[in-house]
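Listed here are the chains, written in short residue letters.
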Amino acid sequence: MKAAVVLIPVLPLVSFMVTLLLGKRYFGEKSHYLPVASVAVSWLLCMFLLVQVERGQTLDWNAYSWIAVGGFQVDIGFLVDELAAVMLLVVSTVGLMVHVYSIGYMHGDQGYYRFFAYLNLFMFSMFMLVLANNYLLLYVFWEAVGLCSFLLISFWFPKLSASAAGTKAFLVNRVGDFGFSLGVMLIFITFGTLSYAGVFDSETAVGGGMMTAICLLLFTGAVGKSAQFPLHVWLPDAMEGPTPVSSLIHAATMVNAGVYMVARSSPLFAESETAMLVVAITGGFTAIFAASIGLVQNDIKKVLAYSTVSQLGYMFLALGVGAWAAGMFHLVSHGFFKGLLFLCSGSVIHALSGEQDMRRMGGLKSKTKITYWTFIIGALAISGAPGFAGFFSKDSILAGVFHEGYYLLWAVGIVTAFLTAFYMFRLIFMTFHGEPRTDPEVFAHAHESPPSMTAPLIILAVPSALIGLILGLPPEDGHIDNLLHHVFAGVLPAEGGHGFGAVSALLMALSATIGLGGIFAAWQFYIKRPQLPEMVKARTGAMYYILYNKYWVDEIYAAVIVNPVKWFSGVLWRFVDDAGIDGFVNGAARFFRGVGKALRPTQSGRLQAYLFTMFIGALALLAAWVLLQTGQG
Amino acid sequence: MDAHDVVALVPELMLVLAAIVLLLVDPLLPRDGRRGLSWLGVAPCVTAIVVTWWTRDEVATYFNGAVVNDRFAVYFKILLLAVAIVAMLLSEKHLHLHDRLLSDYYALVLFTTVGMMVMVAAIDLVTFFVGLELMALSSYILAGFFRYDSKSIEASLKYFLTGSFASVFLLLGMALLYGTTGATSYYAIGDAIAAGDAPESVMVLAVVTLLAGFAYKVAAAPFHNWAPDVYQGSPTPAAAFLSVAPKIAVFATIIRFLTHMLSQQNDIWAPLFIVIAIGTMLIGATMAIVQTDLKRMLAYSSIAHVGYLLLALAAEGYADVSFGKAAILYYLAAYAFMNMGAFGVLVHLANRADFDYSLEKVSGIYRRYPWTAGIMTLFMLSLAGIPPTAGFFAKFYLFAAVVNSGLAWLAVIGVLFSLVSAFYYLRVIVYMYMRDPDTELEELNGRSVDLGAGLGLAALAVVALGIFPGPVLDNAQDAVHKMFTGPQPEAVQEADAAPGAAVAP
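Sequence positions are assigned chain by chain, starting from 1 and proceeding in written order. Working convention: letters from A go to chains and numbers from 1 go to ligands, in the order in which they are written. Reporting in this predicted model follows two pLDDT cut-offs: at least 70 for local features of residues, and 80 or more for side-chain atom pairs to be given and counted; totals over whole chains, interfaces and linings ignore these cut-offs and use all residues. Side-chain metrics in this entry use all non-hydrogen atoms of the structure; hydrogen atoms and water are not considered.

1. What about the environment of leucine 466 of chain A?
All names here are of chain A.
Right, so step 1: Numbered from the N terminus, helices here are DSSP runs of H or I no shorter than four residues, and strands are runs of E no shorter than two. Mapped onto the elements, leucine 466 comes out in helix α20 (residues 451-472).
Right, so step 2: Exposure categories follow from relative accessible area, calculated using a 1.4 Å probe and restricted to protein chains: below 20% of the type maximum is buried, above 50% is exposed, and the middle band is partly exposed. Taking relative accessible area as the criterion, leucine 466 reaches 38% and is therefore assigned partly exposed.
Right, so step 3: Considering only alpha carbons, one finds leucine 466 and serine 333, 133 residues apart in sequence, at a separation of 9.4 Å.

What follows is the structure in structure tokens.
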């Protein structure tokens, strides 16, 4: 088991190094062999770990002591438990599928080897993040996945918008990461250790205020990484990256890191009601906020991006109300179906030679059959159509919220569910149905993607459809609840669940109706009566305008934060940096250069001078000692 | 002396034997096309490492208390052998280029190594001195190995004359110790001094002369003048070896001297070390800035590194920090590989006919030789102490030890000089990547398995020590904590009766 744990991250790491160093010169078109193979083996090992965990075998293992100075010790240690195993399932499966998909999608790209190298680096970092057994290691790889995200968003860096988006993602994440790092420091100060086991089993009595502070700081990090309001602005821009990246990093894995971290820290969060409430409200608000923006976006990837933000909000809502397992359940099912949806959108974009605007799509149904049907499966899953993955996971969240008594948040969730179903099928109908609005020439060339791309779609469609049945039945007492029960046992109410009663059945029927209602509404709007959208737009002019402009969050940030900071750094640059610091640094450089020049004559090259210096030096040492003695005495 | 004693010297004897074989086979080999000579030197070193590691826990004194086998000696022996291996790997191509590919060279490296191995294991003044002179004489010849090159001859002569002068200081210091205590064993001298047998004034004189001699050997100011001239004039691979190995051995000796004999005299040596350290860092850092010759720049850079090490030695005199000495040991290992690596890259670049070791000549080389530039960048970053390289961790531990001993101000000075030093390391990187070459760069016809292996080993060590400092650090800790601290009183008689008997630490 230990060997597997080590190999899972190490294989992609080795592959990353080899591919990056040798890829350009030696591998070329074959650059994907090693990366795909390494991730495939990692996937097998992840499945092995999952089986082990299912059998009740867990592992908390300090493999190596990295730094040990005084009382501060950092271990490279691994923790494999139910929570980590569930994450590994998603990360490795979607990761492998995205690797395969990229063979077709990135074919012929100049940076083919570089792309696979970065993907491997990401897989390594993400595996380490999930497997870490202490907060410092978590933090290190939290930053590492951020770096990979930055590298991959700005992968096509000659494109200005791509490099700008990369920078934006990096900067916005810094805000959250700063909070996270403070949280980690507070944990160390409070508990004197950073290992999960040490912190969670600590006997230290911690004041409520301190606990709330720690949790809120940690949550700040999660808000940044998982793109929650108000730090959600980077995710839609991150769609500048190649679509496989959007699928892997910005839908299925990295953005889930925040959710994972909060779930991992459940013993801390459970101690602070305030923090839990903040998590729940942030999640609920983000869910409906992002879904409303998603209603009117025209870029196919932007719709999915806002959808991701919204679904992540659901997960935080679940965690915040204490429905821990439900949150993780949704993470799993969302990982599969959102990964699928992004890959499908990539296939659509591929078919239309790079077109991303849905207003110039339509009628693709007959051209790209596999993409269409898999897209439908993904959309049904996210809309919560009965039987599909999203139905069970979303329902268990809503049921959890309802049973815990947060009725307002429950209503928000229900409305969001409706919006979700609506914008997803708006996307489907605009893309695949109706008359083609594409340039006829492009449309004529539209074609189904190669098998390396469609195979992952088909494979991912299976869990998107079925994983809910496997993990979620019977509702609220399904396999995943039992599995994760070990992890969350300490933070769940002792009397156990509320059971699946009449209320739950009613809620389930309601959310099914809501989901189907959303689909029906979209059908009405975009198939049956295509004039409706324009009418509604005209009626609710102001509302539409606000949504279309995404509540002007970006513009507000630009006015309130970005421009003042730019102005201030301009001032710093001119006066403090140029005049002050540069002056000082250059002065220091001149000073030391001057000292060096002054000392140069001592290096005459003449032997007699050297010997004389040595003799004088010995005398000087003696004199120095005498001076020091008299100075002291 | 009996068979038991000889067994203890198996690694050293293997090296001597290999050196003799190398000297004997040389006339039998054809003048041209001789290759792979270095492996005759490398193979016994590898074997010696294995044997040394094998016997690491058999702590005992040998030859009537002349040498000891403890973890401390083992750590240094293995480090020195590794250094010798890398040095020999770096050499072949260069010697060939200068038409001096003789097996004498490898024999000399082996003799030097044997001398140093004796030094680090010695617990007796006479044994130590024999080892020192074996090392010194062999290295003088190494410096002058290109005997048709007047610069090389000059280097050798300077090295020899100044070195002899320094030996005089050391001998004087040791004579004073012997004269006052009547003993040559480190432990006996230490006991006598602790018993108050030595007058204060004699001790001051002894400490000062010993310090002067040691300061020369590690090229500390103001006894450093020889180093830039010698490193510049020596064959570059020899300079790589000489700028590293003797310093390691001498630092080991200094630590033994301070621990066994002079631990009570810390009021004398600790402040003097501070004075020397600051002077050394100042000379090293500032003079490196004004150099345009890369070999001289590296020479001054190595002087600056000695300054940091002396800081930590000085700190040892003020407080006993649990990892202070281990930090020094670790730093020596890191320094060894990054410095040899940097010299090794110069060896590689010297395959270019027009390469004269000036900074200008590395302009823009990354375009033509990206690998060379990349590996040089690694070594420069490590020398500058930037994570995640060996240099960073080494400096981190070293300065942490200085701070923990209550000398935070001294650590601040060290960090400031280290900041200054970043200038001339990063300048090399700037030249390699951001300048245009003044002439068209021709293909380096320097593909050599040896050179590649040597550079690869050095780079691997720099990266591994930076990312996984644990194993080496643990061994450094063991080396210090399980250092043999002298025979127990009753064991002394036993040792007299049965020489070479194992003594419990």
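What follows picks up the thread again.
2. Topic: the interface of chain B and chain A
Right, so step 1: Between two residues, a contact is recorded if the distance between any of their heavy atoms is within 4.5 Å. Residue-level contacts link 50 residues of chain B with 31 residues of chain A.
Right, so step 2: Counting each side, the surface lost to burial between chain B and chain A is near 3,500 Å², with a carbon and sulfur contribution of 76%.
Right, so step 3: By convention in these notes, a salt bridge is any Lys or Arg side-chain nitrogen within 4 Å of a carboxyl oxygen on Asp or Glu. Applying the counting rule to chain B against chain A returns zero salt bridges.
Right, so step 4: Within 3.5 Å is the distance limit for a polar contact, defined as a pair of N or O atoms, with the added protein rule that one can donate a hydrogen and the other accept it, and that residues adjacent in sequence qualify only through two side-chain atoms. Linking chain B to chain A there are one residue pair in polar contact (both at pLDDT 80 or more).
Right, so step 5: At ten residues, helix α13 (residues 266-289) of chain B tops the list of elements feeding residues into the side of chain B that touches chain A.
Right, so step 6: Looking at the side of chain B that touches chain A residue by residue, the classes come out as 36 nonpolar, seven polar and seven charged. As used here, buried area is the combined drop in accessible area, with a 1.4 Å probe, of two parts when they are placed together. Side-chain classes follow a simple rule in which Ala, Val, Leu, Ile, Met, Phe, Trp, Tyr, Cys and Pro form the nonpolar group, Asp, Glu, Lys and Arg form the charged group, and the remainder, Gly included, forms the polar group.

3. Side note on the nonpolar core
Right, so step 1: In this description, a nonpolar core means a group of buried Ala, Val, Leu, Ile, Met, Phe, Trp, Tyr and Cys residues linked to one another through side-chain atoms lying within 4.5 Å. Counting residues in hydrophobic clusters, the biggest one holds 404 residues, and the most contacted among them are Tyr135, Leu268, Phe269 and Phe375 of chain A together with Phe241 of chain B.
Right, so step 2: When residues of this core are assigned to domains, at least three map to each of domain 1 (272-547) and domain 2 (554-632) of chain A. Residue ranges labeled as domains rest on an automatic or database domain assignment.

4. Considerations on the domain arrangement of chain A
Right, so step 1: Domain annotation of chain A identifies domain 1 (272-547) and domain 2 (554-632).
Right, so step 2: With centres defined by C-alpha atoms, the gap from domain 1 of chain A to domain 2 of chain A works out at 60 Å.

5. Examining a nonpolar patch on the surface
Residue and element names in this part refer to chain A.
Right, so step 1: Where nonpolar side chains cluster on the molecular surface, the patch consists of Trp567, Phe568, Leu572, Phe575, Val576, Ile581, Phe584 and Val585 and spans about 880 Å² of accessible area.
Right, so step 2: If you trace the backbone, isoleucine 581 turns up in helix α25 (residues 553-599).
Right, so step 3: Residue isoleucine 581 is classed as partly exposed on the basis of its relative accessible area, which comes to 43%. Patches in this entry comprise residues that are over 30% relatively accessible and not in a salt bridge; like charges within 9 Å are linked, as are nonpolar side chains (Val, Leu, Ile, Met, Phe, Trp, Tyr) within 5 Å. Using a 1.4 Å probe, accessible areas were evaluated by the Shrake-Rupley method; residue-level cover was limited to the displayed protein chains.

6. Structural notes on the packing of aromatic side chains
Right, so step 1: Ring geometry is summarised as follows: Phe, Tyr and Trp rings, the Trp one being its six-membered ring, pair when their centres sit within 6.5 Å, and such pairs are stacked at plane angles under 30 degrees, edge-to-face over 60 and tilted between the two. One pass over the full model with this rule turns up 55 aromatic pairs over all chains.
Right, so step 2: Summarising the aromatic geometry, the rings of phenylalanine 285 of chain A and phenylalanine 289 of chain A are spaced 5.4 Å apart at their centres and angled 25° between planes, so their arrangement reads as stacked. Here phenylalanine 285 of chain A pairs with phenylalanine 289 of chain A, and both are found in helix α13 (residues 273-294), just four residues apart, close to one helical turn.
Right, so step 3: Phenylalanine 285 of chain A sits in the partly exposed class, given a relative accessible area of 37%.
Right, so step 4: Taking the centre distance of 5.7 Å and the plane angle of 20° together, the rings of tryptophan 324 of chain A and phenylalanine 488 of chain A count as stacked. With a gap of 164 residues between them, tryptophan 324 of chain A in helix α15 (residues 324-351) and phenylalanine 488 of chain A in helix α21 (residues 479-488) connect regions that are remote in the sequence. Both residues of the pair, tryptophan 324 of chain A and phenylalanine 488 of chain A, count as buried.
Right, so step 5: Among the aromatic side chains, those forming a connected cluster through ring pairs are Tyr112, Phe115, Phe116, Tyr118, Phe155 and Trp156 of chain A.
Right, so step 6: We note arginine 174 of chain A situated over the ring of phenylalanine 170 of chain A; from NZ or CZ to the ring centre the distance is 5.9 Å.
Right, so step 7: When the ring centre of tyrosine 357 of chain B is taken as reference, the NZ or CZ atom of lysine 295 of chain B above it lies at 4.6 Å. We call a charge positioned above a ring when the Lys NZ or Arg CZ atom is no farther than 6 Å from the ring centre and deviates by at most 35 degrees from the ring normal.

7. So, unusual backbone geometry
Right, so step 1: Of note, the amide linkage connecting phenylalanine 229 of chain A to proline 230 of chain A takes the cis form, showing an omega dihedral of 5°.
Right, so step 2: Residue proline 388 of chain B is bonded to the preceding proline 387 of chain B through a cis peptide linkage, with omega at 5°.
Right, so step 3: Structurally, proline 388 of chain B can be placed in the loop between α17 (370-384) and α18 (390-404).
Right, so step 4: Of note in this structure, alanine 227 of chain A is not a glycine but carries a positive phi near 55°.
Right, so step 5: Inspection of the secondary structure assignment puts alanine 227 of chain A in the loop between α8 (208-225) and α9 (234-237).

8. Considering the confidence of the model for chain B
Residue and element names in this part refer to chain B.
Right, so step 1: For every residue, the pLDDT score states the predictor's confidence, bounded by 0 at the bottom and 100 at the top. Mean pLDDT over chain B: 88, with 94% of residues reaching 70 or higher.
Right, so step 2: For the stretch residues 490-505, pLDDT sits under 50, and the model shows 19 contacts to residues farther than four places along the chain or on other chains.
Right, so step 3: Our summary of model confidence lists the complex with pTM equal to 0.73 and ipTM equal to 0.80.

9. Focus on the packing of α13 of chain B against helix α14 (residues 294-316) of chain B
All names here are of chain B.
Right, so step 1: Every angle, taken between N-to-C directions, lies between 0 and 180 degrees, and every axis is a line fitted to C-alpha atoms, over only the stretch in contact when it is a helix. Where α13 meets α14, the axes come as close as 7 Å, and the angle between the chain directions of the two elements is 160°. With respect to their mutual orientation, α13 and α14 come out roughly antiparallel. Of the two elements, α13 crosses α14, and the hand of that crossing is left-handed.
Right, so step 2: For the contact of α13 with α14, the class distribution of residues is 21 nonpolar, four polar and one charged. Angles below 35 degrees are treated as roughly parallel, those above 145 as roughly antiparallel, those between 65 and 115 as roughly perpendicular, and all remaining angles as oblique. Crossing chirality is assigned from the near helix's rotation relative to the far helix, an anticlockwise turn below a right angle marking it left-handed and a clockwise turn marking it right-handed.

10. Description of helix α2 (residues 10-25) of chain B
Residues and elements named next belong to chain B.
Right, so step 1: Each helix should span, by expectation, one fewer than its residue count multiplied by 1.5 Å. Counted at 1.5 Å a residue, the expected span for α2 with its 16 residues is 22 Å, and the 22 Å between its end C-alpha atoms agrees.
Right, so step 2: Taken together, the buried positions of α2 are occupied by Pro11, Glu12, Leu15, Ala18, Ala19 and Leu22. Each buried residue of α2 sits inside an arc of 125° when the element is viewed along its axis, so together they form one side. Exposed and oriented more than 90 degrees from the buried face of α2 are Leu17 and Leu24. Each C-beta atom gives one direction from the helix axis, and the arc is the one those directions make.

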